[in-house]
Amino acid sequence: MASIRDHLQTLTDTVGAVRVLQRSGALDLTKPRELATAVKRSKTLGAPATIVLYGAEVHPDAPALTDERGTLTFGELNDNAKALANELLAIGLTPGSVIGVLARDHRGLLTVLAAAGLAGVRLAMMNTGFGKAQFA
């Protein structure tokens with residue numbers, strides 16, 4: 001059973017996350033309908049897919065990320081995530097399946113995070129610093 005301290009920590013974490021999302025422009029607390037949609041999506045798709053979808057709907061031409069290959073807009077990142085989600089399902093994965101991801105921080109990792117949410121698959125994040133024993 002969760003203690004009061006656990007509940008307070010969860011509340012504190014949630015408020016902190018909302019503040020970060022609001023400051024970044026990914027969440028607008030003055031638009032309750034958008035907020036309700038974001039919360040509902042987040043429960044089913046997860047945060048990465050929710051943020052990418054929101055960005056693609058509200059700011060499709062805004063930069064979502066910049067890496068060594070250039071800049072991707074939210075619209076482009078969303079298109080890439082949808083294409084990958086469709087491929088994951090096409091190869092036979094089903095919602096609830098677990099896939100492992102081994103990647104450094106770049107557009108591919110963000111695409112996989114969003115695609116997994118869209119496809120309903122779960123991720124097992126692998127660290128590039130893992131040794132052979134840790135992978136086993």
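Here's what I pulled together on the structure shown here. (Residues numbered from 1 in each chain as written. Predicted model: local features only at pLDDT ≥ 70, side-chain atom pairs only at ≥ 80, totals over all residues. Heavy atoms only, no water.)

Topic: the pairing of strand 4 (residues 122-126)
Thought 1: Looking at chain direction, strand 3 (residues 98-102) and strand 4 are connected through five bridges and run parallel. Looking at the pairing, Gly100 lines up with Ala124 of strand 4.
Thought 2: As a crossover connection, the stretch from strand 3 through helix 5 (residues 107-119) into strand 4 is right-handed. (Pairing = 2+ DSSP bridges. Helix = DSSP H or I, 4+ residues; strand = E, 2+ residues; numbered from the N terminus. Right-handed = clockwise from strand over helix to strand, strands pointing away.)

Observations concerning the packing of helix 4 (residues 74-90) against helix 5
Thought 1: Contact geometry of helix 4 with helix 5 gives a least axis separation of 8 Å together with a crossing angle of 55 degrees. On the basis of their axis angle, the class for helix 4 and helix 5 is oblique. Judged by the twist between their axes, the crossing of helix 4 over helix 5 is right-handed. Of the residues in helix 5, those in contact with Leu77, Asn80, Ala81, Lys82, Leu84, Ala85, Leu88 and Leu89 of helix 4 are Thr111, Val112, Ala114, Ala115, Leu118 and Ala119. (Axes fitted to C-alpha atoms, helices over the stretch in contact; angles between N-to-C directions. Parallel < 35°, antiparallel > 145°, perpendicular 65-115°, else oblique. Left-handed = near helix turned anticlockwise from the far one by under 90°. Contact = heavy atoms within 4.5 Å.)

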